[in-house]
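Residue-level structure breakdown
Here is how the chains run, residue by residue.
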Amino acid sequence: MIDRDARVYVAGHRGLVGSALVRRLTADGFTNVLTATRDQVDLRDQSEVSDWFTANRPDYVFLVAGTVGGIHANNTRPAEFIYDNLMIHGTVVHSAYETGVRKLLYLGSSCIYPRQATQPITEDQLLTGPLEATNQWYAIAKIAGVKLCEAYRQQYGCDFISAMPTNLYGPGDNFDLESSHVVPALMRKFHDAKLGAATGEPNEVSVWGTGSAMREFLHVDDLASACVFLMDRYSESGHINVGTGVDLSIRELAETIREVVNPDAELLWDTSKPDGTPRKLLDVTRLSELGWKPEVALREGLESTYAWFLAQRHLRGVG
Ligand SMILES: NC(=O)c1ccc[n+]([C@@H]2O[C@H](COP(=O)([O-])OP(=O)(O)OC[C@H]3O[C@@H](n4cnc5c(N)ncnc54)[C@H](OP(=O)(O)O)[C@@H]3O)[C@@H](O)[C@H]2O)c1
């Protein structure tokens, strides 16, 4: 177990995952959680990152920063997705090595696996086939992050591990329709339709694709719990999947979010838009065998996420 007084750096602490990790570490009694904003350290810049590591000397690092987004953002900003992520992974891993960090956990993503991976996806399917084209830029950078950790372990003996989470959602998520993932995007659309209906507009929501794609969703508080669990107990070269092991169709997801946010809304399917990978379910046998399991049920997690979204808007004085 990590000493609760150790210096623990969360890279990307204002994001969905990073903020959940800070909450979790604080709740678990960690007394030395280190953070730095983008203005203090641009994680793409090796000299800024090296200076920060030299000055702050973290013992443990959770590398959960990155340029992240849904299909639309990936398609329209491919250069940012590949460059930012390659650089962030490279600088942080290298500085962690140079300053003798005891252990680093790198967070990848389930989109690193081939588009046609056999379901559920086991860890050993990495690099066995072509990627989904819509997010290939991001996926290539994420695969490079996994390989960086393996290379620094092999050449320098660094205890750097990688975890591959499935799709995440929860408080702290990005609800901007231009760059959000499916759960916050649907929540925002149903919310906006509810507001529009109050002023006489049609209470309807259009969703990309046919609704048939199957996806798995993990609450970010569960991911944070898994990350701390792995930092405490996992020290192997290979990456490890983190998910619930259960999926549902985008149609079922949209209907559940409709029930939570705006039960009277009509759901329309824009079949001219892509569905993305037909199915993406992680095999979580390895993590389960280590003794970890998720705790937040999807419906309950969606309700609390919507409550968080409403509270944020209330604080900002918007509807
Ligand atoms: N969200 C998901 O569904 C999902 C699924 C699987 C894996 N992941 C992985 O989880 C990790 C975190 O994702 P997330 O959803 O928490 O993303 P997020 O909410 O967008 O947060 C990303 C964080 O990284 C920081 N960051 C980005 N570029 C930076 C830079 N150049 N310098 C300093 N900080 C920078 C951001 O800082 P600012 O606050 O200043 O913007 C933010 O705090 C990523 O590695 C992602 O691949 C996410």
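Throughout what follows, the structure given in this document is the object of discussion.

What counts, and where the lines are drawn
Residues numbered from 1 in each chain as written. Predicted model: local features only at pLDDT ≥ 70, side-chain atom pairs only at ≥ 80, totals over all residues. Heavy atoms only, no water. Helix = DSSP H or I, 4+ residues; strand = E, 2+ residues; numbered from the N terminus. Rg over C-alpha atoms; globule rule 2.2 N^0.38 Å. Buried < 20%, exposed > 50% of the residue type's maximum accessible area, 1.4 Å probe, protein only. Contact = heavy atoms within 4.5 Å. Near = heavy atom within 4 Å. Polar contact = N/O pair within 3.5 Å; in protein donor to acceptor, adjacent residues only side chain to side chain. Areas by Shrake-Rupley, 256 points an atom, 1.4 Å probe, with all protein chains shown as cover. Nonpolar A, V, L, I, M, F, W, Y, C, P; charged D, E, K, R; others polar. Pairing = 2+ DSSP bridges. Right-handed = clockwise from strand over helix to strand, strands pointing away. Axes fitted to C-alpha atoms, helices over the stretch in contact; angles between N-to-C directions. Parallel < 35°, antiparallel > 145°, perpendicular 65-115°, else oblique. Left-handed = near helix turned anticlockwise from the far one by under 90°. Expected span 1.5 Å × (residues − 1).

**Concerning the overall build of the chain**
A tally of regular secondary structure across the chain gives 10 helices and 13 strands. Taking 319 residues into account, the globule formula puts the C-alpha radius of gyration at 20 Å, and the chain, at 20 Å, falls close to it. With the C-alpha coordinates aligned to their principal axes, the bounding extent of the chain is approximately 60 × 45 × 40 Å. For the chain, the proportion of its 319 residues judged to be buried stands at 51%. Long-range contacts, defined as pairs at least 24 residues apart, comprise 81% of the intrachain contacts of the chain with a sequence gap of at least 6.

**A look at the environment of Gly100**
Residue position: Gly100 is located in the loop between α4 (78–98) and β4 (103–107). Residues Gly100 and Arg57, 43 residues apart in the sequence, show an inter-C-alpha distance of 8.3 Å.

**Points about the site of the ligand**
Not every one of the 25 residues close to the ligand is listed here, only the nearest: Arg14, Leu16, Val17, Tyr138 and Lys142. At a separation of 3.1 Å, an oxygen atom of the ligand approaches a polar backbone atom of Gly15. With respect to the ligand, the backbone of Leu16 contributes an N or O atom lying 2.8 Å from an oxygen atom. Protein burial of the ligand: of its 890 Å² of free accessible surface, 87% is covered by the chains. Partitioned by chemical class, the residues of the shell around the ligand number 12 nonpolar, 8 polar and 5 charged.

**Considering the side chain of Asp84**
For Asp84, the position within the fold is in helix α4. Engagement of the side chain of Asp84 in a polar contact is seen with the side chain of Thr67, the distance being 2.7 Å. In contact with Asp84, other than residues within four places in its own chain, are Arg44, Thr67 and Ala79.

**Here's the deal with the pairing of strand β1 (residues 8–11)**
Burial along β1 is two-sided: the face carrying Val8 and Val10 and the face carrying Tyr9 and Ala11 are both buried. Relative to strand β2 (residues 33–34), β1 runs parallel, the two being bridged by 2 bridges. Among the inter-strand pairings, Tyr9 is bridged to a residue of β2, identified as Leu34. With helix α1 (residues 16–27) bridging β1 and its parallel neighbour β2, the resulting β-α-β unit is right-handed. By the bridge criterion, 4 bridges tie β1 to strand β3 (residues 60–63) in an arrangement that is parallel. Note on β3: the bridge partner recorded for Val8 is Tyr60.

**Observations regarding the packing of α4 against helix α5 (residues 136–156)**
Remark: α4 packs on α5, axes separated minimally by 8 Å, with the N-to-C direction vectors making an angle of 15 degrees. Here α5 runs roughly parallel to α4, going by the angle between their axes. Considering only the axes of α4 and α5, their crossing is right-handed. Across from Pro78, Phe81, Ile82, Asn85, Leu86, His89, Gly90, Val93, His94 and Tyr97 in α4, the residues of α5 making contact are Trp137, Tyr138, Ile140, Ala141, Lys142, Ala144, Gly145, Leu148, Cys149, Tyr152 and Tyr156.

**A few points about helix α10 (residues 298–315)**
Helix length check: α10 (18 residues) gives 26 Å between terminal C-alpha atoms against 26 Å at 1.5 Å per residue, within 8%. The first or second residue beyond α10 is Gly317, which carries a positive phi of 70 degrees.

**Observations concerning the sheet that holds β1**
Pairing is parallel in the open sheet, where 6 strands are placed in the order β2-β1-β3-β4-β5-β10. Only two strands of the sheet have a single partner each, and these edge strands are β2 and β10 (240–242). Examined bridge by bridge, strand β5 (residues 160–165) and β10 share 3 bridges and lie parallel to one another. Bridged to Met164 within β10 is Asn241.

**Regarding the packing of α1 against helix α7 (residues 220–233)**
Following both chains from N to C, one finds α1 and α7 inclined at 65 degrees, their axes separated by 8 Å at the closest point. In terms of crossing hand, the pair formed by α1 and α7 is right-handed. Only Val220, Asp221, Leu223, Ala224, Ser225, Cys227 and Val228 of α7 make contact with α1, whose side of the interface consists of Leu16, Val17, Ala20, Leu21, Arg23, Arg24 and Leu25. Each residue belonging to the contact of α1 with α7 can be placed in one class, and the counts come to 10 nonpolar, 1 polar and 3 charged.

**Things to note about the sheet that holds strand β11 (residues 248–249)**
Read from one edge to the other, the open sheet built from 3 strands follows the order β11-β8-β13, with strand pairing classed as mixed. Each edge of the open sheet is held by one strand with a lone partner, namely β11 and β13 (279–280). Across 2 bridges, strand β8 (residues 214–215) lies against β11 in antiparallel orientation. Within the sheet, the bridge partner assigned to Met214 lies in β11 and is Ser249.

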